[in-house]
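Now for the letters of each chain:
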Amino acid sequence: DLTARITARYDFIVKTETGQLNIKATAGKESPFTIIVTNIGTATLDKITFSSTKPSGIAGEEWDISFNPDKVEALEPWDEREVKVTIKPPSKTIAGDYMTTLRFDSDPMSITGPPNLDIRVAVGTTTKWGWVGVGIIVAVIAGLIVGFRQLGRR
């Protein structure tokens, strides 16, 4: 007797729409980007869920990372789904580079384990502080000019 046993392979990959693993963000503002989830297995994946590891916030403020949709109910073999990810650093975040990890789980579990994406977030501050600095410099220069003209040489 010959018995053939066919087993399904559960596996999926996740990548960003652009292929880059870095984004630019401004403190206190949302920065959206798109990821693509692809089922590379031979069977339907159910309940693909998303989670993240967030950088630590300053002064108790937390980073906000959201997914839209927040889960994928079913994904057929070789089918793709776009998921919009929005990262919002706290308003008091110091400019610099931060790492966040996006995690993905499915039911049944992928044979290679759940995929992760390590995203580098380059946070910048708003330009209003640059303009405030320029305004202070202009006010100091104007004050010096007025002072020298009024006092002149004595």
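Here the structure is a predicted model, which is why all the values come from computation and not from measurement. (Residues numbered from 1 in each chain as written. Predicted model: local features only at pLDDT ≥ 70, side-chain atom pairs only at ≥ 80, totals over all residues. Heavy atoms only, no water.)

Scanning the protein chain for helices and strands turns up one helix and nine strands. Ordered by position in the sequence, the α and β elements of the protein chain form the string β-β-β-β-β-β-β-β-β-α. Compactness check: the protein chain gives a C-alpha radius of gyration of 25 Å against a globular reference of 15 Å for 154 residues, more than 25% above the reference. Taken along the three principal axes of its C-alpha coordinates, the protein chain extends 115 × 30 × 20 Å. Relative to its 154 residues, the protein chain shows a buried fraction of 31%. Accessible surface, the protein chain: about 10,300 Å² in total, of which carbon and sulfur atoms supply 54%. Taken as two groups, the 18 positive and 18 negative side-chain charges of the protein chain have centres that lie 18 Å from each other. (Helix = DSSP H or I, 4+ residues; strand = E, 2+ residues; numbered from the N terminus. Rg over C-alpha atoms; globule rule 2.2 N^0.38 Å. Buried < 20%, exposed > 50% of the residue type's maximum accessible area, 1.4 Å probe, protein only. Areas by Shrake-Rupley, 256 points an atom, 1.4 Å probe, with all protein chains shown as cover. Lys, Arg positive; Asp, Glu negative; His and termini not counted. Charge placed at Lys NZ, Arg CZ, Asp CG, Glu CD.)

Residue placement: T93 occurs in the loop between β7 (80–88) and β8 (96–107). Only 2.7 Å separates the side chain of T93 from the backbone oxygen of P90, close enough to count as a polar contact. (Polar contact = N/O pair within 3.5 Å; in protein donor to acceptor, adjacent residues only side chain to side chain.)

Attention shifts here to the pairing of strand β2 (residues 22–26). Alternating positions in β2 separate cleanly, I23 and A25 being buried on one face and N22, K24 and T26 remaining unburied on the opposite face. Of the pairings in the sheet, the one linking β2 to strand β9 (residues 116–124) comprises five bridges and is parallel in character. In the strand pairing of β9, A25 is matched with V123. (Pairing = 2+ DSSP bridges.)

Turning next to the environment of V121. On the secondary structure map, V121 appears in strand β9. On a C-alpha basis, the gap between V121 and D107 in space is 29 Å, while along the polypeptide they are 14 residues apart.

Averaged over all residues, the pLDDT of the protein chain equals 87, while 95% of them reach at least 70. Per-element mean pLDDT across the protein chain ranges from 88 in helix α1 (residues 128–151) up to 94 in β7. (pLDDT = per-residue confidence, 0-100.)

Turning to unusual backbone geometry, a few remarks are in order. A cis geometry characterises the amide bond from N68 onward to P69, with omega recorded as 0 degrees. Tracing the backbone shows P69 in the loop between β5 (64–68) and β6 (71–75). For K47, which is not glycine, the phi torsion reads 50 degrees and is therefore positive. Inspection of the secondary structure assignment puts K47 in strand β4 (residues 45–53). According to the relative accessible area criterion, K47 is partly exposed, its value standing at 47%. The backbone phi angle of W78 is positive, close to 60 degrees, even though this residue is not glycine. Along the polypeptide, W78 turns up in the loop between β6 and β7. The exposed category is assigned to W78, whose relative accessible area is 62%.

Attention now goes to the sheet that holds β2. Taken in spatial order, the five strands line up as β2-β9-β8-β4-β6 in an open sheet, and their pairing is mixed. Edge positions in the sheet fall to β2 and β6, since each of these pairs with one other strand and no more. In this sheet, adjacent strand axes meet at a mean angle of 30 degrees when their direction is disregarded. (Axes fitted to C-alpha atoms, helices over the stretch in contact; angles between N-to-C directions.)

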